Amino acid sequence: MSHTLLVIVASTRPGRIGRAFGDWTVDFAQSHSDFDVQLADLAEIDLPLYDEPEHPRFGNYQHEHTKAWAKIVGGADAFVFVTNEYNHSFNAALKNALDYLGPEWRGKPAAFFSYGGASAGLRATNALDSVLACLGIISVQPAISVPFAMQYVKDGVATLPDAVASAGPAMLAELQRMTDLLRPAAQ
Ligand SMILES: Cc1cc2nc3c(=O)[nH]c(=O)nc-3n(C[C@H](O)[C@H](O)[C@H](O)COP(=O)(O)O)c2cc1C
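Residues numbered from 1 in each chain as written. Predicted model: local features only at pLDDT ≥ 70, side-chain atom pairs only at ≥ 80, totals over all residues. Heavy atoms only, no water.

- By the naming in an unreviewed UniProt entry, the chain goes by NAD(P)H-dependent FMN reductase and is assigned to Brooklawnia cerclae.

Shown next, in the form of structure tokens:
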């Protein structure tokens, strides 16, 4: 049985380029790994600001939107976070989506696809890394990092040069290796 890789698109704003990078990541992972690849677009999932009464570590969710999100994340074995950079960090929608859940994240590996201006979104992934550690998500390297990202998206479709995409195969191989180590029962 193959493992499930969930590609999570953080950006939710109209006109975003993040969805194009999410679609690119899904296609790339499907052609360069054995993962069963799925997309979670936070704009479509449309979670309200965190509104659960109990701490997520209990997994005792009250709301249907939380239960639906828990099913998506709980069904994944590994993640790729496709993250923009807003004001030197990752965006609020992603923090909100992370805060909603507990056990569904824990003990699973994650990789980064970051993008932005000159910094390629690396300040966002640095900030994200400490939140992932708190949730028990194990981040792996290498990552895909896209500087001056706007130039690579035309009409909602991303085309990345080899120099930018070159970390992709090693990133997926490390995600696969860590998934096999962490979730042998799912094999
Ligand atoms: C509120 C806001 C803050 C931003 N802050 C940064 C930043 O700190 N660093 C950076 O490289 N780009 C920054 N940008 C530019 C984004 O990298 C660029 O708009 C990118 O397209 C955002 O991703 P998205 O289109 O998927 O939302 C910012 C954009 C917005 C809207």
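After presenting the structure, the write-up continues.
### Some details on the pattern of salt bridges
Consideration 1: Throughout the structure, instances matching the rule amount to 9 salt bridges.
Consideration 2: Glu174 is the partner of Arg177 in a salt bridge, and the nearest nitrogen-oxygen pair spans 2.9 Å. Note that Arg177 and Glu174 are positioned in helix H7 (residues 168–182) at a spacing of 3 residues, about one turn of the helix.
Consideration 3: The exposure class assigned to Arg177 is partly exposed, which follows from its relative accessible area of 45%. (Salt bridge = Lys/Arg side-chain N within 4 Å of Asp/Glu carboxyl O. Helix = DSSP H or I, 4+ residues; strand = E, 2+ residues; numbered from the N terminus. Buried < 20%, exposed > 50% of the residue type's maximum accessible area, 1.4 Å probe, protein only.)

### Remarks on the nonpolar core
Consideration 1: Judged by nonpolar contacts, the single largest core of 32 residues is most densely connected at Phe21, Val80, Phe113, Val146 and Leu160.
Consideration 2: Broken down by secondary-structure element, the contributors of at least two residues to this core are strand S1 (4–9), helix H1 (18–32), strand S3 (78–83), strand S4 (109–115), strand S6 (144–146), helix H6 (162–165) and H7.
Consideration 3: Those residues in contact with Val80 that sit more than four places away from it in its chain are Leu5, Leu6, Val7, Ile8, Thr25, Ala111, Phe112, Phe113, Met171 and Leu175.
Consideration 4: Residues Leu42, Phe79, Phe90 and Leu135 belong to the second largest nonpolar core, which totals 29 residues. (Core = buried A, V, L, I, M, F, W, Y, C linked by side-chain atoms within 4.5 Å. Contact = heavy atoms within 4.5 Å.)

### Quick word on the packing of helix H4 (residues 92–99) against helix H5 (residues 122–135)
Consideration 1: Their axes nearest at 11 Å, the elements H4 and H5 cross at an angle of 5°. Taken together, the axis directions place H4 and H5 in an arrangement best described as roughly parallel. Each of Leu94, Lys95 and Leu98 in H4 lies in contact with H5, whose residues at this interface are Leu128, Val131, Leu132 and Leu135.
Consideration 2: A per-class count over the contact of H4 with H5 returns 6 nonpolar, no polar and 1 charged. (Axes fitted to C-alpha atoms, helices over the stretch in contact; angles between N-to-C directions. Parallel < 35°, antiparallel > 145°, perpendicular 65-115°, else oblique. Nonpolar A, V, L, I, M, F, W, Y, C, P; charged D, E, K, R; others polar.)

### Overview of the site of the ligand
Consideration 1: Taken together, 16 residues lie around the ligand, and Ser11, Arg13, Tyr86, Tyr115 and Gly117 are the ones closest in.
Consideration 2: Within the side chain of Ser11, one N or O atom sits 2.6 Å away from an oxygen atom of the ligand.
Consideration 3: For the ligand, a nitrogen atom lies 2.9 Å from a polar atom in the backbone of Asn87.
Consideration 4: Coverage of the ligand by the protein chains reaches 71% of its 610 Å² of free accessible surface. (Near = heavy atom within 4 Å. Polar contact = N/O pair within 3.5 Å; in protein donor to acceptor, adjacent residues only side chain to side chain. Areas by Shrake-Rupley, 256 points an atom, 1.4 Å probe, with all protein chains shown as cover.)

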